[in-house]
Amino acid sequence: MGSVRVAHYLNQFFGGVGGEEKADALPEVRTGPVGPGQLLQQLLGADATIVGTVVCGDNRMAERPAETLPVVLGLLRDLGPDLVVAGPAFNAGRYGLACAAVCAAARRALDIPAVTAMFPENPGREAVDRSVLVAVAGPTAATMKADLERLAGLALKILRQQPLGPADVDGYLPTGRRVNEFADRTGAERMVEMLLKRLRGEPYVSELVVPRFDRIPPAPPVPDLGRTTLGLVTTSGVVRAGNPEGIESWRATKWARYPLAGVEALSPEAFTCVHGGYDNRYIRANPHRAVPLDVLRRYLREGRIGRLHEVLYTTVGNVMPVERARRLGREVAQELRDANVQAVLFTAT
Amino acid sequence: MAFCSAIPTIPVSAGVPRVIHGKAVPYLLGDPSLPAEREAALREALTARALATLTMEVTQPTVFTAD
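Residues numbered from 1 in each chain as written. Chains lettered and ligands numbered in written order. Predicted model: local features only at pLDDT ≥ 70, side-chain atom pairs only at ≥ 80, totals over all residues.

A few points about the overall build of chain A
So the rule is basically this: By the criteria applied, helices consist of DSSP H or I runs no shorter than four residues and strands consist of E runs no shorter than two, each listed in order from the N terminus. Comment: burial labels come from other C-beta atoms within 10 Å of the residue's own C-beta, placed from the backbone, where a count of 20 or more is buried, 12 or fewer is exposed, and between is partly exposed. This entry defines residue contacts through backbone-placed C-beta atoms, with two residues in contact when those atoms are within 7 Å.
Per the secondary structure count, chain A includes 11 helices and 12 strands. In chain A, which comprises 349 residues, the share counted as buried stands at 42%. Residue pairs in contact within chain A that sit at least 24 positions apart in sequence constitute 73% of those at least 6 positions apart.

Below, the structure written as structure tokens:
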């Protein structure tokens, strides 16, 4: 195998363009490897060469995919790659979605293999095309080296057209593809052994993964907003000035409840924003851009909403593990239920 | 629940039934490039749309826009 051409996709942060203030950055191409691409190149060795890197802002891709993705695809195509690598995206939601979209587009439009890497809980996982291989990555860049080793190993296997091992051995997210193999004991024997291990509290590995999809039954519509008590919840990171509850700007562990009685508006003096996942200066300048209390107050006066549950429930929805989000959500939902709230306006980002 | 997000793909993938497409990640219900009155009108339009979805029957994750 001669040295094959690899094109790499990175967001504005890992591409060295800048942080959230540059999240609107237009797609651009750089020659050779950039940022994490440097180590990736070392790991790929002489068999594969990162000929260029396409860098694009996370917000640019997330908010204007229809106009941005074709540009990214064009830049990738111009590099004449045999393989597209995107990320690792870790647990960054917008970046994960971008990597998923870029890889799927490369598969379809360029008809070449594509591989990315992300944390298993990254929302981008749901958006990944089945034909795209996703290496398992940690939640943050702290595991960059190990994650890139896994990613490079998979990339080389694809390029050499070597068969992949099982997902948990080769370190990729299960693709749902099944491969027959012979076992030395019957299914009944293996099942009883598994049951005994379970009863003894010992670890065991199921041979069948039961998919765990949340089914959220839609709440029935409220018959009349003018007779409805509305609750207000946000994960935008709007907090009281000084953040007295100490809500973390990412991987938040708690939520806060702020009484709204007597609060006509969310002034920038009394409220701020501590979300660390986007450029929050516009929310700090006017918190109503995340929590529309100004509109709700007017609607209350006009009778378009019956009543407001006079509490703002708030946290930071940035890189929050799904299990923790479930717990915080349950806690807030219980408060809302106890207060007889009938409907909720929820503002995320 | 009416769920406002600048990236509807995320709540839809999580199974949220009523999703309203907000303006942008750094200003979900606003737009600092607009004059104050027009920005307020944009916020009201998005908020009104979100509230309206609460009165609508949905059977699966559905994305609503202010337009």
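Remarks on the overall build of chain B
The secondary structure content of chain B amounts to two helices and three strands. Put simply, chain B runs from its N terminus to its C terminus through helices and strands in the order β-α-β-α-β. The proportion of buried residues among the 67 residues of chain B is 51%. Contacts in chain B between residues far apart in sequence, at least 24 positions, make up 43% of those at least 6 positions apart.

Some details on the nonpolar core
Just so we agree on the cut-off: Put simply, a nonpolar core is a cluster of buried Ala, Val, Leu, Ile, Met, Phe, Trp, Tyr and Cys residues tied together by C-beta atoms within 7 Å. Residue ranges labeled as domains rest on an automatic or database domain assignment.
Grouped together as the largest cluster of nonpolar side chains are 116 residues, with contacts concentrated most on V84, C99, V102 and L151 of chain A together with A2 and C4 of chain B. It is helix α4 (residues 93-110) of chain A that provides the largest number of residues to this core, a total of 10 residues. Residues lining this core come from more than one domain, with at least three contributed by each of domain 1 (4-170) and domain 2 (225-347) of chain A. Contact partners of V102 of chain A, with chain neighbours within four places excluded, come to Y9, V72, V84 and A86 of chain A.

So, the interface of chain B and chain A
Condition: Each residue gets one label: Ala, Val, Leu, Ile, Met, Phe, Trp, Tyr, Cys and Pro are nonpolar, Asp, Glu, Lys and Arg are charged, and the others, such as Gly, are polar. In this scheme, strands are said to pair when DSSP sees at least two bridges between them.
At the interface, 34 residues of chain B touch 36 residues of chain A. Broken down by secondary-structure element, the contributors of at least two residues to the side of chain B that touches chain A are β1 (2-5), α1 (9-13) and α2 (36-53) of chain B. Top element by residues in the side of chain B that touches chain A is α2 of chain B. It accounts for five residues. Grouping the constituent residues of the side of chain B that touches chain A by class yields 23 nonpolar, eight polar and three charged. As judged from the three bridges shared by strand β12 (residues 343-347) of chain A and β1 of chain B, these two strands associate in the parallel manner.

Quick word on the packing of helix α1 (residues 36-44) of chain A against helix α6 (residues 144-159) of chain A
Residues and elements named next belong to chain A. The test is simple: Axes here refer to lines fitted to C-alpha atoms; in helices the fit is confined to the stretch in contact. Angles between the N-to-C directions go from 0 to 180 degrees. Between 65 and 115 degrees an angle is taken as roughly perpendicular, under 35 as roughly parallel, over 145 as roughly antiparallel, and anywhere else as oblique. Here a crossing is called left-handed whenever its near helix is offset anticlockwise from the far helix by less than a right angle, and right-handed whenever the offset is clockwise.
Running from N to C, α1 and α6 point in directions that differ by 50°, and their axes come no closer than 9 Å. Relative to α6, the element α1 is oriented oblique. Crossing angle aside, the handedness with which α1 passes α6 is right-handed. Mapping the contact onto sequence places P36, L39, L40, L43 and L44 in α1 and M144, K145, L148, E149, L151, A152, A155 and L156 in α6. Looking at the contact of α1 with α6, its residues break down into 11 nonpolar, no polar and two charged.

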